[in-house]
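# Topology and contacts: notes
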Amino acid sequence: MLLETVGLDLGSSPTEQAKLEIGKGPPLRVVELYAGAGGMSLGLQRAGFEVVRAYDHMQSAVDIYNRNVGYHAVVADLGNVASIAPEIAKLKPDMIAGGPPCQDFSPAGARIEGERANHTRTFALYVCSTAPEWFMMENVQRARNSAAWADARDMLKNAGYGLTQLVVNAALYGVPQKRKRLIVVGRLGERDGFLLASIQQAATPEPMPLRAVFGNLFGDHVYSHPRALDRRGVWSVDEPSPTIRNARRPQPATYAPHRNDSNYSEVSGLYFRPFHDARGVYTLDEPAPSIVRTSRERPRSSYIDNPHPDDPTPAATAYILTQNDTSRIQGFPADWDWSGCLSRDVDQMIANAVPAPMAAMLGKEILRRERGESQPDVPGNFGQWLTKEKRMPSQMVANAKWRVKRARQLLGGRDLRCLGAEAYALETAFEREGLAKAKRSEIRRALRQFREWQEHLQAGI
Ligand SMILES: C[S@@+](CC[C@H](N)C(=O)[O-])C[C@H]1O[C@@H](n2cnc3c(N)ncnc32)[C@H](O)[C@@H]1O
């Protein structure tokens, strides 16, 4: 099924219109900027994108990326827009993705906008000079209200992008971590908010608990009675058992957990080094706090002496995370190869990453919309407005809502900002489907009413 769309905002003629194949087609090609070790690229690949190039200025991140994701990352200072933008434009990507540096916005860093915040503007410059159909940007929540994002947003809007901007909690997108991040998805010619409902509906009803990662890491456990008080007694079934002597004794109720027990994290809580006065100890039945470079540091005596009142178990006996643990909590696969880098740099790359499961879920929603497999929402208050303002009986309201949904299917999920482009695309779809005249005018009328309602909303009436 083919849908012809008109990019009127870009001044393209109908004959130059992109032909979008609904339901299938070649993978969308993406260029990632500020790619780090590759968390976001991994997720986008899993969703079905083809990553054609990735940029980062850190050699070690590029090495890790290339070894694990594929050899398309290059070392480059993205501040050199004049030399890199033409290179990206030649690649003709369908999407530019990236998480520009966030330290200047981050609650963990200085709160003054500096050089690094400028990269949010630079990201917008790359998008505007390449004009891909889509872009996706990730940043810390704080970036929402920054001067850098206000400038970037203006540039992107002027270039014809409709924006879907929201804060997502990674714990609802396949990651056992309460990591709240600003996500902005842009598409040429769309209305703002065009993908909002689809992304929100992709969220899981419950946050993912740490057990989702640690349950698999540690598996089942057996008790083997220790020969001395300072030896451990609990062993994972996935490791070699201790030498069997007189081990067949039940675990005594008085057994005190040993730090090397394979189920130690389960019985003792996990310690994540907190900021300021936040909580440090978490159970496996909740998501982790946002992973930062220092998350796996041991509790200091100041914390042990002054613990958070909500700690489920004492910090002094809590499980201390390994680098492998933080890597897994950030969504990297168990066999991800971090070798050859300074441990401190690896901690930073892990903390920087967009967790791959979250990137994959976002990527899937973009692809579903690109293929016409999802449509923008028809909000319930449209129906209320029809009842109140147009005095429509309930059956007519239901019909009108259904017809708007049908229009959106016919438009392949597009939410075109330009009314002329939308009308043209709709007439093309009517022809393609061979719809009867009466049906066409019902759908046209319902869509007109919907747009009227949207204008009322925008005008604040
Ligand atoms: C928030 S991290 C991105 C993480 C990445 N999206 C991921 O999922 O792993 C920001 C990245 O920007 C890179 N960076 C900072 N300044 C840069 C510059 N001038 N040119 C290129 N990369 C830069 C850093 O090395 C860091 O890897």
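Only a predicted model underlies this, so the values are computations on that prediction, with no experimental measurement involved. (Residues numbered from 1 in each chain as written. Predicted model: local features only at pLDDT ≥ 70, side-chain atom pairs only at ≥ 80, totals over all residues. Heavy atoms only, no water.)

Further remarks concern the site of the ligand. Around the ligand, the surrounding shell holds 20 residues, and the nearest of these are Met40, Asp56, Asp77, Leu78 and Val354. Residue Met40 places a main-chain N or O atom 3.0 Å away from an oxygen atom belonging to the ligand. In this structure, Asp56 approaches the ligand through a side-chain N or O atom, which is 2.7 Å from an oxygen atom. Residues belonging to the shell around the ligand are distributed by class as follows: 10 nonpolar, 7 polar and 3 charged. (Near = heavy atom within 4 Å. Polar contact = N/O pair within 3.5 Å; in protein donor to acceptor, adjacent residues only side chain to side chain. Nonpolar A, V, L, I, M, F, W, Y, C, P; charged D, E, K, R; others polar.)

Take the packing of helix α1 (residues 39–47) against helix α12 (residues 356–370) next. Running from N to C, α1 and α12 cross one another at 45 degrees; their axes reach a closest spacing of 7 Å. On the basis of their axis angle, the class for α1 and α12 is oblique. For α1 against α12, the interelement crossing comes out right-handed. Contacts between α1 and α12 involve Gly39, Met40, Leu42, Gly43, Leu44, Arg46 and Ala47 on the former and, on the latter, Ala356, Pro357, Ala359, Ala360, Gly363, Lys364 and Leu367. Its residues placed into classes, the contact of α1 with α12 shows 9 nonpolar, 3 polar and 2 charged. (Axes fitted to C-alpha atoms, helices over the stretch in contact; angles between N-to-C directions. Helix = DSSP H or I, 4+ residues; strand = E, 2+ residues; numbered from the N terminus. Parallel < 35°, antiparallel > 145°, perpendicular 65-115°, else oblique. Left-handed = near helix turned anticlockwise from the far one by under 90°. Contact = heavy atoms within 4.5 Å.)

The strand order across the open sheet built from 3 strands is β14-β13-β16, with neighbouring strands paired in mixed fashion. Every other strand in the sheet has two partners, leaving β14 (281–282) and β16 (319–320) as the edge strands with one partner each. Here strand β13 (residues 270–271) runs beside β16; their pairing, made up of 2 bridges, is parallel. Bridging from a neighbouring strand, Leu270 pairs with Tyr319 of β16. (Pairing = 2+ DSSP bridges.)

This part covers α12. An ideal rise of 1.5 Å per residue puts 21 Å on 15 residues; α12 measures up with 20 Å between its terminal C-alpha atoms. Counting buried residues in α12 gives 12 out of 15 residues, a clear majority hidden from the surface. Within the span of α12, buried status applies to Ala356, Pro357, Met358, Ala359, Ala360, Leu362, Gly363, Glu365, Ile366, Leu367, Arg369 and Glu370. (Expected span 1.5 Å × (residues − 1). Buried < 20%, exposed > 50% of the residue type's maximum accessible area, 1.4 Å probe, protein only.)

For the rest of this paragraph, the subject is the confidence of the model for the protein chain. In low-pLDDT regions, the fine details of the predicted coordinates are not to be read closely. Residues at a pLDDT of 70 or more form 85% of the protein chain, whose mean pLDDT is 87. Taken as a whole, residues 1–23 scores under 50 in pLDDT and shows 50 contacts with residues more than four places along the chain or in a different chain. (pLDDT = per-residue confidence, 0-100.)

Take helix α4 (residues 118–130) next. Helix length check: α4, at 13 residues, gives a terminal C-alpha distance of 19 Å against a target of 18 Å (1.5 Å per residue), a fit within 8%. For α4, the elements touching its buried residues are β3 (29–33), α3 (81–91), β6 (95–98), β7 (134–140), α5 (147–158) and β8 (161–169). In the segment just after α4, Ala131 is the residue with positive phi, at about 55 degrees.

Let us now look at the packing of helix α13 (residues 380–389) against helix α14 (residues 394–410). Remark: α13 packs on α14, axes separated minimally by 10 Å, with the N-to-C direction vectors making an angle of 135 degrees. Comparing their axes, α14 and α13 come out oblique. The element α13 and its partner α14 pack so that their crossing is right-handed. Only Val397, Ala400, Lys401 and Val404 of α14 make contact with α13, whose side of the interface consists of Gly380, Phe382, Gly383, Leu386 and Thr387.

Below, the discussion takes up the UniProt feature "active site" (unreviewed entry) in the protein chain. As recorded in UniProt, the feature "active site" (unreviewed entry) lies at Cys102. Mapped onto the elements of the fold, Cys102 is located in the loop between β6 and α4. The exposure class of Cys102 is partly exposed, given its relative accessible area of 24%. Excluding its chain neighbours within four sequence positions, the residues that come into contact with Cys102 are Asn139 and Val140. (UniProt positions renumbered as here; feature names shortened; annotations may be inferred.)

Turning to the pattern of salt bridges, a few remarks are in order. The full count for this structure, using the stated rule, is 25 salt bridges. The salt bridge involving Lys157 is made with Asp192; its shortest N-O contact spans 2.6 Å. On the criterion of sequence distance, the pair formed by Lys157 in helix α5 and Asp192 in the loop between β10 (180–188) and α6 (196–201) is long-range, its members being 35 residues apart. The salt bridge involving Arg211 is made with Asp285; its shortest N-O contact spans 2.9 Å. Highlighted residues: Arg211 in helix α7 (residues 211–218) and Asp285 in the loop between β14 and β15 (288–289), separated in sequence by 74 residues. (Salt bridge = Lys/Arg side-chain N within 4 Å of Asp/Glu carboxyl O.)

Before going further, it helps to spend a moment on the environment of Met155. The residue Met155 is located in helix α5 in this model. Among the residues examined, Met155 registers a relative accessible area of 25% and is labelled partly exposed. Residue contacts for Met155: discarding those within four places in its chain leaves Arg121, Ala124, Leu125 and Cys128.

Right, let's talk about the packing of aromatic side chains for a bit. Tallied over the full model, the rule gives 13 aromatic pairs. Summarising the aromatic geometry, the rings of Phe135 and Tyr161 are spaced 5.3 Å apart at their centres and angled 75 degrees between planes, so their arrangement reads as edge-to-face. Within this pair, whereas Phe135 is found in strand β7, its partner Tyr161 is found in strand β8, the two being separated by 26 residues in sequence. Residue Phe135 shares its accessibility class with Tyr161, and that shared class is buried. A centroid spacing of 5.6 Å and a plane angle of 65 degrees characterise the contact between Tyr271 and Tyr303, whose relative ring orientation is edge-to-face. Linking Tyr271 in strand β13 with Tyr303 in helix α9 (residues 301–305), this pair joins segments that are 32 residues apart in sequence. (Phe/Tyr/Trp six-rings, centres within 6.5 Å; stacked < 30°, edge-to-face > 60°.)

Strand order across the open sheet formed by 7 strands is β5-β4-β3-β6-β7-β10-β8, with mixed pairing between neighbours. Pairing within the sheet leaves two strands with one partner each, and these edge strands are β5 (73–75) and β8. Going from strand to strand, the sheet's axes swing by 20 degrees on average, the running direction of each strand aside. Across 7 bridges, β7 lies against β10 in antiparallel orientation. Bridge pairing in β10 links Phe135 to Gly186.

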